[in-house]
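Summary of the model geometry
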Amino acid sequence: MLLQLLIAAVFLAMVISLAVGAGFLLRDKASSRRLLTSLKWRIGLACLLMALIIFGFWSGELG
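Report follows, based on the coordinates. (Residues numbered from 1 in each chain as written. Predicted model: local features only at pLDDT ≥ 70, side-chain atom pairs only at ≥ 80, totals over all residues. Heavy atoms only, no water.)

**Some thoughts on the packing of helix α1 (residues 2-27) against helix α2 (residues 34-59)**
Viewed as axis vectors pointing N to C, α1 and α2 meet at an angle of 160°, and their least axial separation amounts to 9 Å. As the angle between them shows, α1 and α2 are arranged roughly antiparallel. You can see that α1 and α2 cross each other, and the crossing is left-handed. Broken down by class, the residue content of the contact of α1 with α2 amounts to 20 nonpolar, four polar and three charged. (Axes fitted to C-alpha atoms, helices over the stretch in contact; angles between N-to-C directions. Helix = DSSP H or I, 4+ residues; strand = E, 2+ residues; numbered from the N terminus. Parallel < 35°, antiparallel > 145°, perpendicular 65-115°, else oblique. Left-handed = near helix turned anticlockwise from the far one by under 90°. Nonpolar A, V, L, I, M, F, W, Y, C, P; charged D, E, K, R; others polar.)

**Brief notes about the side chain of Ser38**
When you line up the elements, Ser38 lands in helix α2. Residue class for Ser38 comes out buried when judged on its relative accessible area of 6%. Discounting chain neighbours no more than four positions away, the residues touching Ser38 are Ser17, Val20, Gly21 and Phe24. (Buried < 20%, exposed > 50% of the residue type's maximum accessible area, 1.4 Å probe, protein only. Contact = heavy atoms within 4.5 Å.)

Here is the structure:
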């Protein structure tokens, strides 16, 4: 149950990062690096999400 909540929280953080990145894309100038930082966070969260899902199937908690 804890793993499922953690996966849901990471997914929600990815969606929030996507929305923040879209806001940066619309508002910031071309020289701003906030969009790139948002993308880095989203990539890191996606890697964490994949690791959690793989661990969940490996441990039998999600299968």
